[in-house]
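Secondary and tertiary structure notes
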Amino acid sequence: MKISFHGAAGDVTGSCHLVEAAGRRILIDCGMFQGSRELHQENAEPFGFDPTAIDFLLLTHAHLDHCGRIPLLAKRGFRGEVVTTAASRDLARLVILDSAHLQEEESQRRGRTSSRRGSDGDTEPLYSTVDALGSLDYFGRTAVYGETLEIAPGLRATFHDAGHILGSASILLEAEESGRRRSVVLSGDIGNAGRPLLRAPEPPAAADAVVMETTYGDRLHRPLDASVNELFQAITEAFGRGGNVIVPTFALERAQEILFYLRQGIETSRLPASMQVFLDSPMAISATEIFRRHPEACKPELLRDGKDPLALPGLHMVRETAQSMAINHISGGAVIMAGNGMATGGRVRHHLKHNLWRRESSVVFVGFAAKGTLAREIIDGARQVEVLGEEIPVRAHIHTINGFSAHADQAELLAWRAAIKGAETTFLVHGEGPTMETFARKLPPGRIEIPQLHQQFEL
Ligand code: ZN
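Just so it is clear, the structure is predicted and the values come from calculations on it, not from any experiment.

Describing the coordination of the zinc ion
Around the zinc ion, the protein contributes the donor atoms H61 (NE2), H63 (ND1), H164 (NE2) and D189 (OD), at 2.1 to 2.3 Å from the metal centre. Geometry at the zinc ion is irregular, judged from the four donor atoms that bind it and their angles of 91 to 162° at the metal. According to the relative accessible area criterion, H61 is buried, its value standing at 0%. Owing to a relative accessible area of 1%, D189 belongs among the buried residues under this scheme.

Here's what the structure looks like:
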């Protein structure tokens with residue numbers, strides 16, 4: 001059994017690992033590189049392996065940095081089978097098609113720039129909507145948590161709930177080669193226990209090797225309760241001043257969790273029942289519908305009393321642009337959730353334009369905001385920002401709530417790793433260099449590897 005690392009090696013994005021065993025080539029994830037670097041360039045590079053020679057792609061979950069290069073893989077000749085959970089398959093379809101749309105927009109923008117400069121730069125999108133649709137044909141069998149799938153003779157895969165987003169899994173891969181059994185577990189992204197909608201991560205009992213993410217390998221999260229209180233307080237205060245609350249949010253998971261907390265707030269009378277809530281994001285609405293279709297991937301107690309955990313009395317699902325624009329006439333008493341989370345694009349910018357300058361309103365950031373984004377500028381205390389070509393003074397109350405993380409913290413990562421017995425080697429991926437080094441020092445003695453991009457190991 002061999003393993004090589006073609007993404008998320010010394011980096012937090014672009015997850016892509018290749019296992020060669022029992023005469024087959026199995027890819028685990030094929031994610032997009034994201035962040036401040038020249039994205040198009042890095043994603044367009046050769047994969048570091050032959051896409052036509054891949055037999056299976058096992059997908060841990062539907063975040064873009066784990067599934068975003070699947071259409072490119074198919075475009076470059078992949079003809080194997082994608083195996084994932086049913087919930088991940090539905091979410092991946094949404095994420096991949098949205099990504100194709102963004103790639104097309106981005107390539108048009110590059111085309112305009114290069115024609116202005118008179119150069120003919122590379123304007124082809126990484127992949128088109130047609131490529132994305134084509135790649136969906138390779139999604140084959142679906143995996144059920146805890147049930148072993150014989151994906152090929154001598155090759156078995158078991159998906160274990162990773163508790164990170166709907167349908168997310170850690171994958172145990174077992175191979176038999178000339179009478180010798182070898183196994184490796186690939187963590188995917190590991191969730192944070194105590195989340196409202198998802199079960200806690202369930203690591204496999206044993207494996208010969210472990211490949212694990214280390215995003216927050218150097219820190220501990222604040223308790224979730226404190227974050228929920230902060231959210232309720234921000235809403236109550238803004239409503240008291242006669243303003244609105246804008247929540248820039250990503251479509252997957254966070255949007256559904258916030259809906260769940262708002263419902264909880266109304267049920268416990270900590271938020272007004274008359275509150276109007278707008279989910280102003282077609283993608284978040286689709287993701288919420290996928291959530292409702294997959295109770296098997298959620299906490300069973302959520303659905304026991306037959307109530308919809310994401311239903312709110314004053315909830316408006318806003319798909320149409322005209323409806324979205326109508327929200328601008330509401331001056332107070334509304335919570336407006338819109339994408340995207342870093343305010344780099346999407347409808348949230350219109351709501352910021354109408355509320356940022358108002359002392360009565362609040363903006364609540366509930367997720368990570370990268371450097372150079374509008375969200376980050378506001379979080380860092382800018383007095384004035386440019387929104388949709390206009391200079392807008394920042395007078396609204398700004399809240400940054402960091403406790404809603406979908407990732408395990410250091411203590412949870414260590415507990416997850418400690419639950420897997422018999423592993424000789426631990427590979428650390430999906431983390432920044434210093435974070436992985438800090439985490440490595442916390443692990444019990446044993447062989448620890450921090451792979452370089454395209455590095456290969458014998459297991
Ligand atoms: Zn993820």
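Structural notes on the packing of helix α4 (residues 86-117) against helix α8 (residues 282-293)
Viewed as axis vectors pointing N to C, α4 and α8 meet at an angle of 170°, and their least axial separation amounts to 9 Å. One element, α4, and the other, α8, form an angle in the roughly antiparallel class. Residues A87, D90, L91, L94, V95 and D98 of α4 form the contact with α8, whose participating residues are M283, S286, A287, I290 and R293. Each residue belonging to the contact of α4 with α8 can be placed in one class, and the counts come to seven nonpolar, one polar and three charged.

Points about the side chain of T215
Mapped onto the fold, T215 is located in the loop between β11 (209-213) and α6 (224-240). Side chain to side chain, T215 and E213 meet in a polar contact 2.6 Å long. Separated by 3.0 Å, the side chains of T215 and H430 make a polar contact. Excluding residues within four positions of it along the chain, T215 makes contact with V12, H407, H430, G431 and T435.

Thoughts on the environment of H221
Turning to its location among the elements, H221 is positioned in the loop between β11 and α6. Along the backbone, H221 and L166 are 55 residues apart, and their C-alpha atoms lie at a distance of 21 Å. In this structure, H221 is in contact with N192, Y216, S405, H407, A408, D409 and E412, ignoring residues within four places of it in sequence. At 2.7 Å, the side chain of H221 and the backbone oxygen of H407 are in polar contact.

What to know about the nonpolar core
Counting residues in each nonpolar core, the largest one holds 72 residues, and the members touching the most others are L262, V335 and M337. The two domains that each donate at least three residues to this core are domain 1 (2-219 + 406-458) and domain 2 (224-404). Leave out the neighbours within four places in its chain, and M337 touches V247, T249, A255, I258, L259, L262, V277, F278, L279 and D280.

A look at helix α10 (residues 348-355)
Every buried residue of α10 is accounted for by V348, H351, L352 and N355. Taken around the axis of α10, the buried residues stretch over an arc of 105°, which confines them to a single face. Here the buried face of α10 lies against β12 (245-248), β13 (276-280), α9 (321-326), β15 (334-338), β16 (362-365) and α11 (374-379).

What to know about the packing of aromatic side chains
If you walk through the whole model with that rule in mind, you get seven aromatic pairs. For the ring pair F47 and F49, a centre distance of 5.3 Å and an interplane angle of 25° mean the geometry is stacked. Each member of the pair, F47 as well as F49, carries the same accessibility label: buried. Judged by centre distance (4.9 Å) and plane angle (65°), the rings of F427 and F457 are edge-to-face. Here F427 is found in strand β20 (residues 425-429), whereas its partner F457 is found in strand β22 (residues 456-458), with 30 residues between them in sequence. In this structure, F427 and F457 share a single accessibility class: buried.

A few points about the domain arrangement of the chain
Under the domain assignment, the chain is made up of domain 1 (2-219 + 406-458) and domain 2 (224-404). When each unit is reduced to the centre of its C-alpha atoms, the spacing between domain 1 and domain 2 is 29 Å. Contacts between the two partners involve 21 residues from domain 1, matched on the other side by 23 residues from domain 2. If you sort the residues of domain 1 by the area they bury against domain 2, L166, P196 and L197 come out on top, with a joint share of 35%. Applying the counting rule to domain 1 against domain 2 returns three salt bridges.

Looking at the pattern of salt bridges
If you walk through the whole model with that rule in mind, you get 24 salt bridges. Of the charged contacts in the structure, one is a salt bridge between R109 and E106, with a shortest N-O distance of 3.1 Å. With R109 and E106 both in helix α4, this residue pair falls three residues apart, about one helical turn. With a relative accessible area of 29%, E106 lands in the partly exposed category. Linked by salt bridges that have partners in common, K75, E124 and D131 make up one network.

Some details on the sheet that holds strand β7 (residues 148-152)
Judged by pairing direction, the sheet is mixed, and its seven strands sit side by side in the order β7-β8-β9-β10-β11-β20-β21 without closing on themselves. The sheet is open, and its two borders are formed by β7 and β21 (447-449), each paired with just one other strand. Adjacent strand axes in the sheet meet at a mean angle of 20°, parallel and antiparallel pairs treated alike. With five bridges joining them, β11 and β20 adopt parallel strand pairing. Each bridged residue has a counterpart across the sheet, and for A209 the counterpart in β20 is T425. Of the strands in this sheet, β9 (169-177), β10 (180-186), β11 and β20 touch helix α12 (residues 410-418), which is tilted by about 165° from β11. Relative to β20, helix α13 (residues 433-442) is tilted by about 155°, and along the sheet it contacts β11, β20 and β21.

Reading the values: the criteria
Residues numbered from 1 in each chain as written. Predicted model: local features only at pLDDT ≥ 70, side-chain atom pairs only at ≥ 80, totals over all residues. Heavy atoms only, no water. Donors = N, O, S within 2.8 Å, 3.2 Å for Na, K, Ca; no water. Tetrahedral: all angles 85-135°; square planar, octahedral: opposite > 155°, others 65-115°. Buried < 20%, exposed > 50% of the residue type's maximum accessible area, 1.4 Å probe, protein only. Axes fitted to C-alpha atoms, helices over the stretch in contact; angles between N-to-C directions. Helix = DSSP H or I, 4+ residues; strand = E, 2+ residues; numbered from the N terminus. Parallel < 35°, antiparallel > 145°, perpendicular 65-115°, else oblique. Contact = heavy atoms within 4.5 Å. Nonpolar A, V, L, I, M, F, W, Y, C, P; charged D, E, K, R; others polar. Polar contact = N/O pair within 3.5 Å; in protein donor to acceptor, adjacent residues only side chain to side chain. Core = buried A, V, L, I, M, F, W, Y, C linked by side-chain atoms within 4.5 Å. Domains from an automatic or database assignment. Arc of directions from axis to C-beta. Phe/Tyr/Trp six-rings, centres within 6.5 Å; stacked < 30°, edge-to-face > 60°. Buried area = accessible area lost by both parts, 1.4 Å probe. Salt bridge = Lys/Arg side-chain N within 4 Å of Asp/Glu carboxyl O. Pairing = 2+ DSSP bridges.

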